[in-house]
Amino acid sequence: SVGSSNVLMALGYRFTDDPDALNRQLDRAGLCFLHAPLFHPALKAVVPIRKALGVKTFFNMLGPLVNPVQPTHQLYGTFSPELSRLYQYVMQPSGRQYAIVHALDGYDEISLTGPVRVHRPNGEEVLHPEALDLPAYSPDELDGGRSVEEAAGILLAVLEDRATPAQKDVVLANAGLAIQVRKPGQGLADCLAEARESIESGRALGVLKKVVNETDG
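The paragraphs below set out a description of the structure included in this document. Predicted, not measured: the structure shown is a model, and the values here were computed from it.

Glancing now at the overall build of the protein chain. Of the regular secondary structure elements, the protein chain holds eleven helices and four strands. Compactness check: the protein chain gives a C-alpha radius of gyration of 18 Å against a globular reference of 17 Å for 217 residues, within 12% of the reference. Each of the three principal axes of the protein chain carries a C-alpha extent, and together these read 45 × 40 × 35 Å. Looking at the 217 residues of the protein chain, the share that counts as buried comes to 36%. Long-range pairs, those at least 24 residues apart, make up 50% of the contacts in the protein chain with a sequence separation of at least 6. Element-wise, carbon and sulfur atoms account for 55% of the exposed surface of the protein chain, whose accessible area totals about 12,000 Å². Each charge sign in the protein chain was given a centre, from 20 positive and 26 negative side chains, and these centres are 6 Å apart.

So, about unusual backbone geometry. Negative phi characterises most residues that are not glycine, and trans characterises most peptide bonds. Backbone geometry places aspartate 133, a non-glycine residue, at a positive phi of 60°. Given a relative accessible area of 71%, aspartate 133 falls into the exposed group. Of note in this structure, aspartate 161 is not a glycine but carries a positive phi near 60°. Turning to its location among the elements, aspartate 161 is positioned in the loop between helix H8 (148–159) and helix H9 (165–182).

Okay, a nonpolar patch on the surface next. A cluster of nonpolar residues, Ile49, Leu53 and Val55, forms a patch on the protein surface that exposes about 300 Å² of accessible area. When you line up the elements, isoleucine 49 lands in helix H5 (residues 47–53). According to the relative accessible area criterion, isoleucine 49 is exposed, its value standing at 53%.

A separate point is the side chain of histidine 102. Inspection of the secondary structure assignment puts histidine 102 in strand S2 (residues 97–103). According to the relative accessible area criterion, histidine 102 is buried, its value standing at 4%. A polar atom in the side chain of histidine 102 sits 3.0 Å from the backbone oxygen of threonine 78. Within the local environment of histidine 102, its side chain forms a polar contact with the backbone nitrogen of serine 80, the two atoms lying 3.4 Å apart.

Another point: the pairing of strand S3 (residues 116–120). For S3, a buried count of four out of five residues is recorded, marking the element as mostly surrounded by other parts of the structure. With five bridges connecting them, S3 and strand S4 (residues 123–127) associate as antiparallel partners. Note that in S4 the partner of histidine 119 across the bridge is glutamate 124. Remark: two residues form the turn of the hairpin made by S3 and S4, two consecutive strands paired antiparallel.

For helix H2 (residues 19–29), the full list of buried residues reads Ala21, Leu22, Gln25 and Ala29. The buried side chains of H2 occupy one side of the element, clustering within an arc of 100° when seen end-on. Structural note: H2 exposes Pro19, Asp20 and Asp27 on the side pointing more than 90 degrees away from its buried face. If you check the start of H2, you find a side-chain oxygen 3.1 Å away from the backbone N of aspartate 20, and it comes from aspartate 18. Looking at the residues trailing H2, positive phi occurs at glycine 30, about 80°.

Of note, serine 198 is situated in helix H10 (residues 188–200). Assessed through its relative accessible area of 19%, serine 198 is described here as buried. With 39 residues separating them in the primary sequence, serine 198 and leucine 159 have C-alpha atoms 8.8 Å apart. When sequence neighbours within four positions are dropped, the list of residues in contact with serine 198 reads Arg203 and Ala204.

Summed over all chains, the structure comprises four aromatic pairs. Ring geometry for phenylalanine 15 against phenylalanine 33: centres 5.4 Å apart, planes inclined by 40°, an arrangement best described as tilted. With phenylalanine 15 in the loop between helix H1 (4–10) and H2 and phenylalanine 33 in the loop between H2 and helix H3 (36–39), this residue pair connects regions lying 18 residues apart in the sequence. A ring pair is formed by tyrosine 76 and tyrosine 87, whose centres lie 5.3 Å apart and whose planes are at 90°; its orientation type is edge-to-face. Linking tyrosine 76 in strand S1 (residues 73–77) with tyrosine 87 in helix H7 (residues 81–91), this pair joins segments that are eleven residues apart in sequence. In this structure, tyrosine 76 and tyrosine 87 share a single accessibility class: buried. An aromatic cluster is defined as three or more aromatic residues linked by ring pairs; in this entry it consists of Tyr13, Phe15 and Phe33.

Here is what the cut-offs are and how they apply
- Residues numbered from 1 in each chain as written.
- Predicted model: local features only at pLDDT ≥ 70, side-chain atom pairs only at ≥ 80, totals over all residues.
- Heavy atoms only, no water.
- Helix = DSSP H or I, 4+ residues; strand = E, 2+ residues; numbered from the N terminus.
- Rg over C-alpha atoms; globule rule 2.2 N^0.38 Å.
- Buried < 20%, exposed > 50% of the residue type's maximum accessible area, 1.4 Å probe, protein only.
- Contact = heavy atoms within 4.5 Å.
- Areas by Shrake-Rupley, 256 points an atom, 1.4 Å probe, with all protein chains shown as cover.
- Lys, Arg positive; Asp, Glu negative; His and termini not counted.
- Charge placed at Lys NZ, Arg CZ, Asp CG, Glu CD.
- Patch = residues over 30% accessible without salt bridge, like charges linked within 9 Å, V, L, I, M, F, W, Y side chains within 5 Å.
- Salt bridge = Lys/Arg side-chain N within 4 Å of Asp/Glu carboxyl O.
- Polar contact = N/O pair within 3.5 Å; in protein donor to acceptor, adjacent residues only side chain to side chain.
- Pairing = 2+ DSSP bridges.
- Arc of directions from axis to C-beta.
- Phe/Tyr/Trp six-rings, centres within 6.5 Å; stacked < 30°, edge-to-face > 60°.

Any link to function would need more than the numbers given here.
This is the structure we're talking about:
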């Protein structure tokens, strides 16, 4: 019910399409957010129709693949095994580094509620929570809140290292896989350890504070 852009706005981040401002954020914080409506005009035009329909459409599947930035490294979450395979067919000839994730119980991320299938440029594998050296959790332990304020509170709790074990571990699992996309020669265990250090040292929280301060300034 709440997207990442809603949470960032609630925490004080201000969206922009000014290249100078975005480059400053990257230089000073190592992070910026490219808000889709500002950078993806073709899809912006169909937003009212998608909302009026109230169901999943082709645009839910198309959006990530036609990202105008065309990132060289990307982690995709997909809501069905069929869509995962379609993404794999599209991405495999691209020469990019990527991972396409579908949890076998229906989540479009590593949920730790069961095994997850991961497609990469060199093939696919099924990962179980124990392969990540993390516990399995129930869906009830991963509730994301019912409002922007609740979701923002969970994000801050994770970054301040006071979240529940389930919340923290799911973030570590997905962040670790994202790090491995950027560093394909590094083992997944080391990538998860890197994600853990970023949270427990406060560095991840520091990045959020820096980028919010940049947009406030």
